[in-house]
Amino acid sequence: MKLLAKKDVPKVLRSWSDKFTILSPSQKEQGDCIFDTFDEETFTLEYRKPPMPPKSSFLPQSEVIFAVDQGNYSPVLPEGRTLLFGIRACDLSGIRQLKSFYSRDRDDIYFRGHTKDTVIVVNACLWPQNETCFCTTMHSGPYAEEDYDIQLFDMGNAFFVEVGSDIGKELTSSKAFTAFDQTDAGERIARLKHMAYNSISLVPEIADAMDILKGTGAKDSVWDHFGRKCITCGGCVYVCPTCTCYNVVDRIITIDSGERIRTWDTCLYGGFTREASGHNPRSTQGLRLKRRHEHKLLYYNEIDNQGALCGCVGCGRCSDYCPVHIGTLEVVKAIVEQTT
Ligand code: SF4
Ligand code: SF4
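Residues numbered from 1 in each chain as written. Chains lettered and ligands numbered in written order. Predicted model: local features only at pLDDT ≥ 70, side-chain atom pairs only at ≥ 80, totals over all residues. Heavy atoms only, no water.

## Some points on unusual backbone geometry
In plain terms, the rule: Put simply, DSSP marks the helices as runs of H or I at least four residues long and the strands as runs of E at least two long, and each gets a number from the N terminus on.
The omega angle of the peptide bond from Gly-141 to Pro-142 is 10 degrees, so this bond is cis rather than trans. Its identity is not glycine, yet Gln-70 carries a phi of approximately 50 degrees, on the positive side. Relative to the helices and strands, Gln-70 is located in the loop between β4 (62-69) and β5 (72-75).

Listed below in structure tokens is the structure:
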């Protein structure tokens, strides 16, 4: 086991930036902290769960996927290698689910290009990031059990460092990482994990809601109620680390050249399911919300049982940011209270 002094973190990231594009927590003037290209001026270790997950590192909000010029087609594939520094365990679980989605039916070369050889450094949560965290219910946190290269545990002035892969071992071989070989090191980290796990006190009735959805389904009045409130801003989808909806649009540049662009979309927009005839099988906002939450709580697990409980990793962002309080926490509560 190793230790990394916090004061040495910028130096370490600087040394890694020769090999990788480093995305790390960045404090913006406007007050938000986001994952952005490493910049010592804005880099911070004083951050909680950023409002946006690191999803856009792998699935940009908008990206050109191929270009056509005078009849010649050329895919635009991502280049370089990314190191994601300081993501939370729930967001790592979100990345795992995105990977599963984008390789399930066919290999998505663009998504694979973004994720290929990406190095993941998790910053384990020792306490809830805010009152909406429910990662323990979803088996996604507060620390990672697998799929990380390096995991950090905040010890005040330094991090305990756990190594999860060969590249993690290589990256932590520099002098900044000092040996921590006290005989009780393993015990201390186990105690820390135990404390972190027990600090998450929010335990929503996800399993009960899933049982209801699997059985009779939620009452229509649940979806009608939320459908009347929803202002269709799409925020809950865009902040969700596991949401994958996208659209493609073609941009004509000249008479014989153009490009195809993939952009984020959301199943909560009417146009997402509207068919060419004008018919929309999900014709109301209530039906669209029903579909979204049934997908997360029911279908995701049925078609894609990757070890996660469902298509939600318990980050709580949809409850944090929905302006009219229709996050997964509120939906689960309503399903259970109004259907039993
Ligand atoms: S559904 Fe909500 S709580 Fe679950 S992963 Fe998405 S944003 Fe987080
Ligand atoms: S964030 Fe809330 S209001 Fe906006 S689309 Fe989602 S459920 Fe509707």
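That covers the picture; the talk isn't over yet.
## Quick look at the sheet that holds strand β6 (residues 82-87)
This is how it is decided: The criterion for strand pairing is that DSSP finds at least two bridges linking the strands in question. Convention adopted: a line fitted to C-alpha atoms gives each axis, helices being fitted over their contacting stretch, and angles between N-to-C directions are expressed from 0 to 180 degrees. The contact definition used throughout considers only heavy atoms, calling two residues in contact when any of these lie within 4.5 Å.
Judged by pairing direction, the sheet is mixed, and its eight strands sit side by side in the order β3-β2-β6-β7-β8-β9-β1-β10 without closing on themselves. Looking along the sheet, the strands with just one partner apiece sit at the ends: β3 (33-37) and β10 (177-179). Neighbouring strand axes in the sheet, compared pairwise and without regard to direction, differ in orientation by 30 degrees on average. Taken together, the four bridges between β6 and strand β7 (residues 119-123) define a ladder with parallel strand orientation. Note that in β7 the partner of Phe-85 across the bridge is Val-121. The strands touched by helix α2 (residues 89-104) within the sheet are β6 and β7, with β6 carrying the most contacts at an inclination of about 140 degrees.

## Overview of the site of ligand 1
Heads up, the condition is: The near set for a molecule or strand comprises every residue that places at least one heavy atom within 4 Å of it. Under the scheme applied here, ten amino acids are nonpolar (Ala, Val, Leu, Ile, Met, Phe, Trp, Tyr, Cys and Pro), four are charged (Asp, Glu, Lys and Arg), and all others, including Gly, are polar.
By nearness alone, every residue bordering ligand 1 is listed as Phe-134, Cys-240, Pro-241, Lys-296, Cys-312, Val-313, Gly-314, Cys-315, Gly-316, Arg-317, Cys-318 and Thr-328. Tallied by class, the residues present in the shell around ligand 1 amount to seven nonpolar, three polar and two charged.

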